[in-house]
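Coordinates in review
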Amino acid sequence: MSDAAMPGAALRKPWRSLRRQREAAGFGLWVFLGSEVMFFACALTGYAVYRTLWSEDFAAAARETNVVYGTLNTAILLTSSLTMAAAAEGARAGLRRLTLACLAATIAFGLAFLVVKGFEYREDIEKHLVPGPGFALEAAAAQVFFAFYWLLTGVHALHMSIGLGVTGTLLWQAWRRRRPLRSPAFEAAGLYWHFVDIVWIFLYPLLYLAGRS
Amino acid sequence: MSEALVQRDIPDAPAPGESYLTAETGLASWLLTTDHKRIALLYMAAITIFFFLGGAAAVAMRIELFTPQADLLSDDAYNRAFTFHGVVMVWFFLLPSIPNILGNFLLPLMIGAKDLAFPRLNLLSWYIFIIAGTLAIYTLLAGGVDTGWTFYTPLSTAFANGHVLAAAGAVFIAGFSTIATAVNFITTVHLLRAPGMRWFRLPLFVWAIYATSIVMVLATPVLAMVLLLIFAERAFDIPIFDPLRGGDPILFQHLFWFYSHPAVYIMVLPSFGVISELVACYARRRVFGYSFMVYAILWIALVGFLVWGHHMFVSGQSMLANLAFSFLSFVVAVPSAIKVFNWTATLYRGQIVFDAPMIYALGFIGLFTIGGLTGLFLASIPVDVHVTDTYFVVAHFHYIMVGGAVSALYGGLAFWWPKITGRLYPEGWARFGAVMMFFGFSFTFFPMFVMGFLGMPRRYHVYVPEFQVWHVLASAGAVVLAAAYLLPMGYFAWSLVWGRRAPANPWEATGLEWQTASPPPVENFVTPPVVTQAPYGYHPEDAGPPALDRAAHRPQGHQP
Ligand code: HEM
Ligand SMILES: [Cu+2]
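Residues numbered from 1 in each chain as written. Chains lettered and ligands numbered in written order. Predicted model: local features only at pLDDT ≥ 70, side-chain atom pairs only at ≥ 80, totals over all residues. Heavy atoms only, no water.

**Thoughts on the coordination of the copper ion (ligand 2)**
Residue and element names in this part refer to chain B. For the record, the criterion: Donor atoms are limited to N, O and S found within 2.8 Å of the metal ion, a distance that becomes 3.2 Å for Na, K and Ca. With water left out, some sites might look partial. Counting from the N terminus, the helices are the DSSP runs of H or I reaching at least four residues and the strands are the DSSP runs of E reaching at least two.
Within the first shell, the copper ion (ligand 2) binds the protein through H261 (ND1), H310 (NE2) and H311 (NE2), at distances of 1.8 to 2.0 Å. Positions of the donor residues of the copper ion (ligand 2), expressed as sequence spacing, correspond to H-x48-H-H. Separating the copper ion (ligand 2) from the iron atom of ligand 1 is a distance of 4.3 Å. Here H310 lies in the loop between α9 (290-303) and α10 (319-347) and H261 lies in helix α8 (residues 249-283), a separation of 49 residues in the sequence.

So this is what it looks like as structure tokens:
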């Protein structure tokens, strides 16, 4: 199917060629991801410093996280990356049904991740793993570990929600034929989704596997 | 005029209805514009307001410091004044000033593009900036913050009684605007250069903005995360930097300065770009060592990330770390020195014209040199242990950030004023203002070196009477300086109505931005430009500048 005639595929203001215009979305997103890397790197550096300083306490605290939920979520997220990659490729090849289905699957997996995360948070609160008065663990720096646990998973979940919003918008637009499949937005959204995934790949061992070896 | 200047057949003023200023009218056409030139002016309006607000806080401080006792401000009010001053001047004036006003306006013009890569993102980033700025003003109205612009823990998390959360939120939000603009600039430079505009044909201003944008993209998120950590600790009592529960306040300083040292280069790199353009034009010379200038900019951007520890020599970090950071601070000064030497070498055998922008540029070179050299004093551990947290440090960074970067901003505004507005500013007044800024600045800040060296600590509102003479000098100088800042606002405004109309290229400068009408049409160029040679073709490469057939100097610009 040809999208060339669709309005969204037209050459917009600053661009001289369609190819460049397409390239820009991906390029800009890569630069932005550089920014995101530094954002998480800052918190992970803090984590690394404290883990070196309080390795025993961190190991003891990390054993309290729920590794079943964590592992389940890792599997869900990796699968969602697969469907997202398929959606981006499908859009590039102009396969409308495949793209729509894969975007929908990605959203389903993303929501599943957040639901699991919600159950996990509820359990954490019940076990008094929120730093502050009445905190469950004795070890001095266990609260610091859980400070990072809440912060990192929270910020990650926020990124997931933004990703879900973007993917949802794209799905709706593609479904209503408001956005041509050749739009570079699909690939850009995919890049972002994979990045959020990669962040989790770092968080999983640091927060769930630490202290369990 | 030399043949090396490519003269294309361009009308001086755009046809009526084509100028970006008049193509559309009405408030909505401004607030919803995606034209980079109009957005630059939106930024100019907003940033001017913040300059006034930050300046008002400075005035209050200088009045207070006129006498050794507390007369105008209490200790707590003084803390709030310098915090507001620092936060507003750093994040809402200096950091966005040259990139967002001149960069926004000039970047597409200089590389021969119609606009930035993402015009709507550009507008969005202005709105984010406005939201952040509003929050900053709210912070002040609600009673202010007393932590200093550095937000050191545990003061900011456990003890401060001001509105730390709102202030941190304002800076956090402003970061999104910075990052969005930087991504836009980087993408534009990579993908929108005109045919023939190779990397090493880019004007140095473009290189400077490009390098600044890279630093913005990589450093700003670190600040965002640090502020988020502070926010979490203060709002939800989550221990991160709290020493009572295993946290380490020094870690905060590391993370903060990992952002804030690069940030000082975000503030000064763009002015390097402006100064290179001004010096070349008013000396009628090719920039000496163009490629070295480029490498120096990139070197600063890179090594600037490796020296943060020089702000922490007395924090108790190890001697090894101190030595490494001291050494690296000397390394980062090398490219700055290269730039100063190359500007001077550009002047050598130039046909120098002392128009206002050039006076600003020469002032910049002098003040920046003093600021940079005292940076080396501070980078030497034995000296720093003596003068850290004194007015010596205050003088050091004001020499670079205020003496340097603000001079460059005013010089750049004067230089490109005809391009932006289509009007010439009054040269006599402008020269007077430029000279006054140099002297006013020196009067205000040189005494700070002396009193700092004698032991006057920073951030105090009362002091021993021995220091009064220096404080009185500084306060008196500040009056002159304030006049030098206000004067251009007056004559720029005057020129909008009564200024002579500017031709397309009043200074006979090279650079694509001069190859289109003043003010430029909405699309920037009527015929898309093609670049065939290196920048700064003020004279043939194999001969000096044309001394004999030097064009008559016309302070009001070249009139057709
Ligand atoms: C030429 C290279 C430079 C060197 C070697 C240098 C060195 C230093 C050192 C060692 C300090 C810490 C002093 C102390 O707290 O005891 C310092 C403070 C400072 N410098 Fe520089 N500096 C340089 C360039 C710059 C530039 C280009 C800027 C701004 C555009 C700048 C802005 C600042 C600021 C804002 C502070 C004080 C921060 C604070 O404590 O509030 N410096 N500098
Ligand atoms: Cu520094």
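**Thoughts on the coordination of the iron atom of ligand 1**
Geometry reference: four tetrahedral donors at a metal, ideal angle 109.5 degrees. Six octahedral donors, ideal angles 90 or 180 degrees. Protein coordination of the iron atom of ligand 1 is limited to a single donor, H396 of chain B (NE2), positioned at 2.2 Å. Relative to the assigned elements, H396 of chain B resides in helix α13 (residues 391-421).

**Things to note about the interface of chain B and chain A**
Our working rule: In what follows, a contact means two residues having at least one pair of non-hydrogen atoms within 4.5 Å. Put simply, buried area is how much 1.4 Å-probe accessible surface two parts lose in total, over both of them, once they are put together. What counts as a salt bridge is simple: a side-chain nitrogen of Lys or Arg found within 4 Å of a carboxyl oxygen of Asp or Glu. Polar contacts here mean pairs of N or O atoms no more than 3.5 Å apart (in protein, one a potential hydrogen donor and the other a potential acceptor; neighbouring residues in sequence count only if both atoms are side-chain atoms). When residue character is reported, Ala, Val, Leu, Ile, Met, Phe, Trp, Tyr, Cys and Pro are called nonpolar, Asp, Glu, Lys and Arg charged, and the others, Gly included, polar.
Every contact between the two is made by 40 residues of chain B and, on the other side, 32 residues of chain A. The contact between chain B and chain A buries some 3,200 Å² in all, and 73% of this surface belongs to carbon and sulfur atoms. Its largest share of buried area at the contact with chain A, chain B owes to L191, M225 and L251 of chain B, together 20% of the area lost on that side. Taken together, the connections running from chain B to chain A amount to one salt bridge. Between K13 of chain A and D115 of chain B there is a salt bridge; the shortest N-O distance is 3.7 Å. Run the count over chain B and chain A and you get six residue pairs in polar contact (both at pLDDT 80 or more). Contributing elements (two or more residues each) for the side of chain B that touches chain A: α6 (164-191), α7 (204-236) and α8 of chain B. It is α7 of chain B that provides the largest number of residues to the side of chain B that touches chain A, a total of ten residues. Looking at the side of chain B that touches chain A, its residues break down into 29 nonpolar, five polar and six charged.

**Considerations on the nonpolar core**
As a reminder of what qualifies: Think of a nonpolar core as a cluster: buried Ala, Val, Leu, Ile, Met, Phe, Trp, Tyr and Cys residues, connected wherever their side-chain atoms sit within 4.5 Å. Buried residues are those whose accessible area, probed at 1.4 Å on protein chains only, stays under 20% of the maximum for their type, while exposed residues exceed 50% and partly exposed ones sit between those limits.
Within the largest apolar cluster, 257 residues are counted, with the highest numbers of intra-cluster contacts made by W91 and F92 of chain B. The contacts of W91 of chain B, once residues within four sequence positions are left out, are P96, F129, W149, F151, V171, L223 and Y259 of chain B.

**A word on the packing of helix α4 (residues 119-141) of chain B against α6 of chain B**
Residues and elements named next belong to chain B. Put simply, the test is: The axes are straight lines fitted to the C-alpha atoms, using for helices just the contacting stretch, and the angles between their N-to-C directions are given from 0 to 180°. Angle categories: roughly parallel below 35 degrees, roughly antiparallel above 145, roughly perpendicular from 65 to 115, and oblique for all the rest. Two helices that cross are described as forming a left-handed crossing if the nearer one is turned anticlockwise from the farther one by less than a right angle, and a right-handed crossing if clockwise.
As a packed pair, α4 and α6 sit with axes 8 Å apart at the nearest point and diverge in direction by 165°. As far as their axial angle goes, α6 and α4 are roughly antiparallel. With respect to the hand of their crossing, α4 and α6 are arranged in left-handed fashion. Here α4 contributes L121, N122, S125, I128, F129, A132, L135, A136, Y138 and T139 to the contact with α6, which in turn contributes A166, A167, G169, A170, I173, A174, F176, S177, A180, T181 and N184. The class makeup of the residues in the contact of α4 with α6 is 14 nonpolar, seven polar and no charged.

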